[in-house]
Amino acid sequence: MNTSNEYPNDIQAILVLHLGKEFKSLEKQTMLEALVKRRSRYWIMIIVNALALLFFSYSFIYGITQLSDVVYYGLGTVFVLNVLLIFHQRKQINRAITYVEQNV
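Rules behind the numbers
- Residues numbered from 1 in each chain as written.
- Predicted model: local features only at pLDDT ≥ 70, side-chain atom pairs only at ≥ 80, totals over all residues.
- Heavy atoms only, no water.
- Core = buried A, V, L, I, M, F, W, Y, C linked by side-chain atoms within 4.5 Å.
- Buried < 20%, exposed > 50% of the residue type's maximum accessible area, 1.4 Å probe, protein only.
- Helix = DSSP H or I, 4+ residues; strand = E, 2+ residues; numbered from the N terminus.
- Expected span 1.5 Å × (residues − 1).
- Contact = heavy atoms within 4.5 Å.
- Salt bridge = Lys/Arg side-chain N within 4 Å of Asp/Glu carboxyl O.
- Patch = residues over 30% accessible without salt bridge, like charges linked within 9 Å, V, L, I, M, F, W, Y side chains within 5 Å.
- Areas by Shrake-Rupley, 256 points an atom, 1.4 Å probe, with all protein chains shown as cover.
- Polar contact = N/O pair within 3.5 Å; in protein donor to acceptor, adjacent residues only side chain to side chain.

Q: Could you give me a rundown of the nonpolar core, with the residues and numbers involved?
A: By size, the foremost hydrophobic cluster in this structure holds 19 residues, and its most contacted members are Tyr 7, Leu 15, Leu 19, Phe 23, Met 31, Leu 35 and Val 100. Counting residues per element, the ones that place at least two in this core are α1 (9-19), α2 (28-61) and α3 (69-103). When residues of this core are assigned to their parent elements, the largest contribution, seven residues, is made by α3.

Below, the structure written as structure tokens:
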């Protein structure tokens, strides 16, 4: 446990989001295990989004789908933004893991 009970605001926000409001009562090892597990789930999300983007791209390029250009580019934008946000969340979890390893 953190002896000072003081976490930087950004790290505290990440820990509350991924571990819950009572994260301060968790042991260091429990926190790390939960964060690593959460981080690995993001790879699954990235793969699913990439496969969906590939599926829509293949369908659009080879004329299999009836989607208009606007709908296709809209879907592509959504999937690309989703993947970028997932990478950002993984980066935040990595920062939280580093902080917990070094300071808790």
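Here the narrative resumes, following the displayed structure.
Q: So what about α3? Which residues, and what values?
A: Taking 1.5 Å of rise per residue, 35 residues should cover 51 Å, and α3 covers 51 Å from first to last C-alpha, within 8% of that figure. Buried residues along α3 sit against α1 and α2.

Q: Account for the pattern of salt bridges, with residues named and values stated.
A: Pairing of side chains with opposite charge becomes possible as their charged atoms draw close. Evaluated as defined, the whole model comprises one salt bridge. A salt bridge links Arg 95 to Asp 10, with the nearest nitrogen and oxygen atoms 2.1 Å apart. Placement of Arg 95 in helix α3 and of Asp 10 in helix α1 is noted, with a sequence separation of 85 residues between them. Here Asp 10 falls in the partly exposed class, since its relative accessible area comes to 38%.

Q: Break down a nonpolar patch on the surface for me, with residues and values.
A: A contiguous nonpolar patch, built from Tyr 58, Ile 61, Tyr 62 and Ile 64 and spanning about 510 Å² of accessible area, is present on the exposed surface. Note that Ile 64 resides in the loop between α2 and α3. You can call Ile 64 exposed: its relative accessible area is 55%.

Q: Run through the side chain of Asn 49, naming residues and quoting values.
A: With respect to the helices and strands, Asn 49 occurs in helix α2. On the basis of relative accessibility, which here comes to 9%, the residue Asn 49 falls in the buried class. Of the polar contacts made by the side chain of Asn 49, one reaches the backbone oxygen of Met 45; its length is 2.8 Å. At 2.8 Å, the side chain of Asn 49 forms a polar contact with the side chain of Asn 82. Beyond its immediate stretch of four places on either side in the chain, Asn 49 contacts Phe 79, Asn 82, Val 83 and Ile 86.

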